[in-house]
Amino acid sequence: MELLRQVPLFAKLDKKGLQDVAHIADELDLPAGKEMATEGDRGREFFVLLKGEADVTKDGRKISTMREGDFFGEIALVTKMPRTATVTATSDVDVLVITERAFDNLLKTTPEIGRSVAEALAERVAPELPV
């Protein structure tokens, strides 16, 4: 739950909300070389890296390395936008995964989580919006 609290999208959730999100997450072990997200694809899941490392590439160039506690795909859960980069495991990894379907179901049954997520998303994109 502490890792989820660090995700800006879930930062405003109370303990119960974080527990609800944690309940819909699955833990997966993935091998080195596994592509977890592909640039240009529509994102359908959110990942938190629990163990291992992954490279982030954009237009075929490495732009960063993700490590334990890093996350990606949270905006895709809400906006349905295409992935802006490719993320590939460079070692065996353990990840926490939340699928779009599970997240959408959670929002339908727990509207307060939807409000908190919408508020956090608005704060995240607000600096980019013109006045």
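How each quantity is defined
Residues numbered from 1 in each chain as written. Predicted model: local features only at pLDDT ≥ 70, side-chain atom pairs only at ≥ 80, totals over all residues. Heavy atoms only, no water. Pairing = 2+ DSSP bridges. Helix = DSSP H or I, 4+ residues; strand = E, 2+ residues; numbered from the N terminus. Contact = heavy atoms within 4.5 Å. Axes fitted to C-alpha atoms, helices over the stretch in contact; angles between N-to-C directions. Core = buried A, V, L, I, M, F, W, Y, C linked by side-chain atoms within 4.5 Å. Buried < 20%, exposed > 50% of the residue type's maximum accessible area, 1.4 Å probe, protein only. Salt bridge = Lys/Arg side-chain N within 4 Å of Asp/Glu carboxyl O.

### Considerations on the sheet that holds strand β8 (residues 93-99)
Strands sit in the order β1-β8-β3-β6 across an open sheet of four strands; the sheet is antiparallel. Both outer strands of the open sheet, β1 (26-30) and β6 (71-72), are each paired with one neighbouring strand and no more. The sheet contact formed by strand β3 (residues 45-51) and β6 spans two bridges and is antiparallel. Directly across from Val 48, in β6, lies its bridge partner Phe 71. Across the face of the sheet, helix α4 (residues 100-109) comes into contact with β3 and β8 while running at roughly 45° to β8.

### As for the sheet that holds strand β7 (residues 86-89)
Taken together, the four strands give an open sheet; going across it, the order is β2-β7-β4-β5, and neighbouring strands pair in antiparallel fashion. For this open sheet the edge positions go to β2 (35-37) and β5 (61-66), each flanked by a neighbour on one side alone. Mean inter-strand twist for the sheet, computed between neighbouring axes without regard to direction, equals 30°. By the bridge criterion, two bridges tie β2 to β7 in an arrangement that is antiparallel. When the bridges of β7 are listed, Glu 35 appears paired with Thr 88.

### Regarding the nonpolar core
With 20 residues, the main nonpolar core has Leu 4, Phe 10, Val 21, Phe 46, Ile 98 and Phe 103 as its most contacted residues. The set of elements that each furnish at least two residues to this core consists of α2 (15-23), β3, β8, α4 and α5 (111-125). The contact partners of Phe 103, leaving out residues within four places of it in the chain, are Phe 10, Ile 24, Leu 77, Val 78, Ile 98 and Val 117.

### Remarks on the environment of Leu 121
Looking at the secondary structure, you find Leu 121 in helix α5. By relative accessible area, which is 13% here, Leu 121 ends up buried. Sequence-wise, Leu 121 and Glu 74 are 47 residues apart; in three dimensions their C-alpha atoms are separated by 9.7 Å.

### Let's talk about the pairing of strand β4 (residues 54-58)
Two strands pair when backbone bridges link them, and β4 and β5 are joined in this way by five bridges, in the antiparallel orientation. Directly across from Ala 54, in β5, lies its bridge partner Met 66. Pairing geometry for β4 and β7, over four bridges, is antiparallel. Across the sheet, Ala 54 pairs through a bridge with Ala 89, a residue of β7.

### With respect to the pattern of salt bridges
Within the structure shown, the criterion is met by eight salt bridges. The partner of Asp 20 in a salt bridge is Lys 16, with the nearest N and O atoms 3.0 Å apart. Here the residue Asp 20 and the residue Lys 16 both occupy positions in helix α2, the gap between them amounting to four residues, near one helical turn. With a closest N to O distance of 3.5 Å, Asp 55 and Lys 62 form a salt bridge. Here Lys 62 falls in the exposed class, since its relative accessible area comes to 52%.

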